[in-house]
Amino acid sequence: MKRRWRKLRQHDPVELNITAFMNLMVILVPFLLITAVFSRLAILELNLPGGAGAGDAAEQALNLEVTIRDNQIEVADRQTGPLHTVPALDGGHDLDALNDYLKNVKANFPDKTDVTVLLEPDIAYDTLVQVMDAVRMTKVATAGDVINSELFPDISIGDAVPAPAVTASN
């Protein structure tokens with residue numbers, strides 16, 4: 001019995017086989033690096049509105065503002081005033097009409113890339129995201145393919161000035 005016990009004790013130490021772990025790392029590291037790049041693309045970068053003296057005169061030609069209200073979406077130029085109003089539909093805001101109007105604005109100002117989206121306090125977050133998507137890009141059909149075209153990708157957000165109260169006169 002003692003001999004068996006001594007034979008079992010005299011074995012060389014067992015080496016640790018890490019081949020399977022190394023194979024896992026070879027697969028896992030590139031996968032994690034690839035997914036990190038894709039998660040970066042899903043982030044929208046927002047800018048705060050600049051002060052009154054920011055930018056040069058050529059850039060001040062059009063200061064586009066899109067104001068989201070409960071019953072409409074207003075497109076305006078900060079210097080000249082309202083440009084277009086898109087009334088809300090029964091199911092929500094008419095984002096297609098907003099997108100079509102912004103295509104016309106982009107055709108007139110092709111170098112313009114920034115827009116300020118203003119919203120009233122009780123506007124749903126989902127509505128804000130949908131309007132931002134409509135302002136940021138549009139779908140264009142070319143040669144049978146539908147591609148995304150850039151409209152105004154540099155979006156700043158802020159609070160809207162309350163709409164003027166409408167009083168009924170007799």
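What counts as what
- Residues numbered from 1 in each chain as written.
- Predicted model: local features only at pLDDT ≥ 70, side-chain atom pairs only at ≥ 80, totals over all residues.
- Heavy atoms only, no water.
- Buried < 20%, exposed > 50% of the residue type's maximum accessible area, 1.4 Å probe, protein only.
- Helix = DSSP H or I, 4+ residues; strand = E, 2+ residues; numbered from the N terminus.
- Pairing = 2+ DSSP bridges.
- Salt bridge = Lys/Arg side-chain N within 4 Å of Asp/Glu carboxyl O.
- 1 Å grid on protein atoms, 1.4 Å probe; cavity = no way out; pocket = protein on both sides within 12 Å on 5 of 7 lines; lining within 4 Å.
- Points joined across faces, edges and corners; volume = space filled by probe spheres on them.
- Nonpolar A, V, L, I, M, F, W, Y, C, P; charged D, E, K, R; others polar.
- Phe/Tyr/Trp six-rings, centres within 6.5 Å; stacked < 30°, edge-to-face > 60°.
- Lys NZ or Arg CZ within 6 Å of the ring centre and 35° of its normal.

Visitor: What should I look at first to understand the pairing of strand β2 (residues 64-68) in this one?
Guide: If a strand is regular, its side chains alternate between the two faces of the sheet. The buried fraction of β2 amounts to five of the five residues, a majority that puts the element mostly inside the structure. Going residue by residue along β2, you find L64, V66 and I68 tucked away on one face and E65 and T67 tucked away on the opposite face as well. In this structure, β2 lies alongside strand β3 (residues 72-77), joined through five bridges in antiparallel fashion. Looking at β3, one finds that I68 is bridged to I73. Between β2 and β3, which pair antiparallel and follow one another directly, the connecting turn spans three residues.

Visitor: Can you help me understand the pairing of strand β6 (residues 137-142) in this one?
Guide: The pairing of β6 with strand β7 (residues 145-150) spans six bridges and is antiparallel. If you follow K139 over to β7, its bridge partner there is N148. Joining the antiparallel neighbours β6 and β7 is a turn of two residues, in which A143 adopts a positive phi near 55°.

Visitor: Would you explain the pattern of salt bridges in this entry?
Guide: Oppositely charged side chains may form a pair once their charged atoms are brought near each other. The tally for this structure, following the rule as stated, stands at six salt bridges. Notably, a salt bridge pairs D114 with K112, separated by 2.8 Å at the nearest N-O pair. Owing to a relative accessible area of 33%, D114 belongs among the partly exposed residues under this scheme.

Visitor: Where do I start with the layout of surface pockets in this structure?
Guide: One way to see where empty space is left: roll a probe the size of a water molecule over the atoms. Of the volumes computed, that of the second largest pocket is approximately 160 Å³. Contributing to the lining of the second largest pocket are E65, T67, R69, E74, A76, P82, L118 and V161. Every element with two or more residues in the lining of the second largest pocket is listed here: β2 and β3. For the lining of the second largest pocket, the class distribution of residues is four nonpolar, one polar and three charged.

Visitor: Explanation requested: the packing of aromatic side chains in the structure shown.
Guide: Each aromatic ring pair is summarised here by two numbers: the centre-to-centre distance and the angle between the ring planes. The final tally for this structure, using the stated rule, is zero aromatic pairs. We note K106 situated over the ring of F152; from NZ or CZ to the ring centre the distance is 5.3 Å.

Note that all results are geometric; they support no functional claim without further evidence.
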